[in-house]
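# Observations on the three-dimensional arrangement
Here is what each chain is made of, one letter per residue.
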Amino acid sequence: MTPRTLFGRAAAIAVLAVPFVCSTANGAPGAASACTRHVTDQRSMDTITPGDVVCVDDAGTTKRLKITKGGTADKPVIYRGEGRRAGGIDVRANNVIVDGFALNRPSAPGIDARGNNVTIRDNTVTAPQGGDGDGLRFFGDDVKILHNTISHTDNSTGAHADCMQTFATDDQHLASSRVLIAGNRCEHVDNMCLMAEGPHSMAGDGSGKGVSEYWLFLGNYCETRLGSQAVMIDDVQHLTLIGNTWAAGPDHAIGLQNHSTHAFVWANRLDPSIPCEVGIDDSSRKGYHGPAPRCAP
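Nothing here was measured: the structure is a model prediction, and the numbers come from that model. (Residues numbered from 1 in each chain as written. Predicted model: local features only at pLDDT ≥ 70, side-chain atom pairs only at ≥ 80, totals over all residues. Heavy atoms only, no water.)

## A few points about the side chain of Asn 258
Counted only if it meets this: To qualify as a helix, a DSSP run of H or I must reach at least 4 residues; to qualify as a strand, a run of E must reach at least 2; elements of each kind are numbered from the N terminus. Between two residues, a contact is recorded if the distance between any of their heavy atoms is within 4.5 Å.
Here Asn 258 lies in the loop between β23 (252–257) and β24 (264–266). With residues up to four places along the chain from it excluded, the contact list for Asn 258 reads His 200, Ser 201, Met 202, Asp 234, Asp 235, Asp 281, Ser 283 and Ser 284.

## Description of the sheet that holds strand β7 (residues 102–104)
The line we're drawing: What makes two strands pair is DSSP finding at least two bridges between them.
In space, the seven strands of this open sheet follow the order β7-β10-β13-β16-β19-β22-β25, with parallel pairing throughout. Where the open sheet ends on each side, the last strands, each with one partner, are β7 and β25 (269–270). Across two bridges, strand β22 (residues 245–246) lies against β25 in parallel orientation. Bridged to Trp 246 within β25 is Leu 270.

## Structural notes on the packing of aromatic side chains
Both the distance between ring centres and the angle between the ring planes are used here to describe each pair of aromatic rings. Applied cut-off: Two rings from Phe, Tyr or Trp (for Trp, the six-membered ring) form a pair when their centres are within 6.5 Å of each other. A pair whose planes differ by under 30 degrees is stacked, one over 60 is edge-to-face, and the rest are tilted. Throughout this description, buried means an accessible area under 20% of the type-specific maximum (1.4 Å probe, protein chains only), exposed means over 50%, and partly exposed covers the range between.
A complete count under the given rule lists three aromatic pairs for this structure. For the ring pair Phe 139 and Phe 167, a centre distance of 5.0 Å and an interplane angle of 70° mean the geometry is edge-to-face. Of the two residues, Phe 139 sits in strand β11 (residues 136–139) while Phe 167 sits in the loop between β14 (164–166) and β15 (177–182), which places them 28 residues apart along the sequence. The class of Phe 167 is buried, set by a relative accessible area of 12%. Relative to Trp 246, the ring of Phe 217 has its centre 6.3 Å away and its plane inclined at 10°; by these criteria the two rings are stacked.

## Points about the state of the cysteines
This is how it is decided: The rule for a disulfide is simple: a pair of cysteine sulfur atoms within 2.5 Å.
One pass over the structure, following the stated rule, counts four disulfides. Note on cysteine connectivity: Cys 35 is disulfide-linked to Cys 55, with sulfurs 1.7 Å apart. Here Cys 55 lies in strand β2 (residues 53–56) and Cys 35 lies in the loop between α1 (3–22) and β1 (37–39), a separation of 20 residues in the sequence. A relative accessible area of 22% means that Cys 35 is categorised as partly exposed. One disulfide bridge connects Cys 276 with Cys 295, the sulfur atoms lying 2.1 Å from each other. With the S-S dihedral at roughly -80°, the linkage between Cys 276 and Cys 295 falls on the left-handed side. Of this pair, Cys 276 sits in strand β26 (residues 276–280) while Cys 295 is found in the segment after β26, placing the two residues 19 residues apart along the sequence. Here the cysteine-cysteine linkages of the protein chain are recorded as 1-2, 3-4, 5-6, 7-8, numbering only bonded cysteines and doing so in sequence order.

## Topic: the pattern of salt bridges
This is how the line gets drawn: Put simply, a salt bridge is a Lys or Arg side-chain nitrogen that is within 4 Å of an Asp or Glu carboxyl oxygen.
Enumeration according to the criterion identifies 15 salt bridges in this entry. With its nearest N and O atoms 3.4 Å apart, the salt bridge here joins Asp 190 to Arg 225. A residue pair is termed long-range when its members are at least 10 positions apart, and Asp 190 in the loop between β16 (185–189) and β17 (194–197) and Arg 225 in the loop between β19 (221–224) and β20 (229–234) qualify at 35 residues. Owing to a relative accessible area of 7%, Asp 190 belongs among the buried residues under this scheme. Residue Arg 225 is classed as partly exposed on the basis of its relative accessible area of 46%. One network of salt bridges, with partners in common, ties together Arg 64, Lys 66 and Asp 90.

## Focus on the nonpolar core
To keep it simple, the criterion reads: In these notes, a set of buried Ala, Val, Leu, Ile, Met, Phe, Trp, Tyr and Cys residues joined through side-chain atoms within 4.5 Å is what counts as a nonpolar core.
Counting residues in each nonpolar core, the largest one holds 55 residues, and the members touching the most others are Met 164, Leu 194, Phe 217 and Trp 246. Listed in part, the seven residues of the second largest apolar core include Leu 146, Leu 218, Ile 242 and Phe 264.

## Re the environment of Ala 102
Relative to the helices and strands, Ala 102 resides in strand β7. Linking Ala 102 and Thr 124, residues 22 residues apart in sequence, is a C-alpha distance of 4.9 Å. Filtering out sequence-adjacent residues up to four positions away, Ala 102 remains in contact with Gly 83, Arg 84, Arg 85, Ala 86 and Thr 124.

## Section: the sheet that holds strand β6 (residues 96–99)
The condition that has to hold: Note on geometry: axes are C-alpha line fits, over the in-contact stretch for helices, and angles between N-to-C directions span 0 to 180 degrees.
The parallel open sheet is built from ten strands, whose spatial order is β1-β2-β4-β6-β9-β12-β15-β18-β21-β24. Both outer strands of the open sheet, β1 and β24, are each paired with one neighbouring strand and no more. Sheet twist, expressed as the average angle between the axes of neighbouring strands with direction ignored, equals 10°. Pairing geometry for β1 and β2, over three bridges, is parallel. Along β2, the bridge assignment pairs Arg 37 with Val 54.

Limitation: the analysis is restricted to geometry and does not speak to function.
In structure tokens:
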């Protein structure tokens, strides 16, 4: 690794990690902001404006919360759950922070976020039901997924129940650049901790539009019970994985395939029961830095 590469990687990590290190309950340094707006139904959300801190007073236990009003880059709208329950959350807006909701047995995916500059933090998603059983899906650029706990995803119905997933197949499911996934816990997850497919994925259904690149996967706990990998990466470039815990279960911790080049893997904790940390194919070896790959992806 050249000094130029080292400096570039360190600078990128520092920039990406700032929200992870410095974030507070209101998205800025200092004490958490009080709610500036209370909403009780979808219609009342039409009054939301940039910079609002929104408390959803009737989140309930079964209805999905549908977020369609965002803010601006410097004044995002914060939706504060404060432990309130919901039957799932759909984000269809830019410049949004979703903070502190408790989703118990939501319809899957528990959280489905589509938009740019979206932050999902300090939420719990437990035992998502139906569909493919995923805990969280995300699409778009400048996404931050911070300090969430996602648990008990279930493959028993034939699902492919991941903790987190993204793919780029059409105009509704976009490629993602500049993604920070930090401090999350994936517990009792049947399938993968992260499944990521870029716009040219090997599945053959990619949109071919855009690029998925410059991701930081930092300090996450990944307990994969039935999947072959904890993290499977297909056509995502410049991925950095640092300080994660790969718990018992998979055949290998990380799979890199289909031109997932310039990956950087460092200082992760590998359970002794996992025989291989990194699996890689020939197309993904360019720019790779980390433990010697010992298996296929």
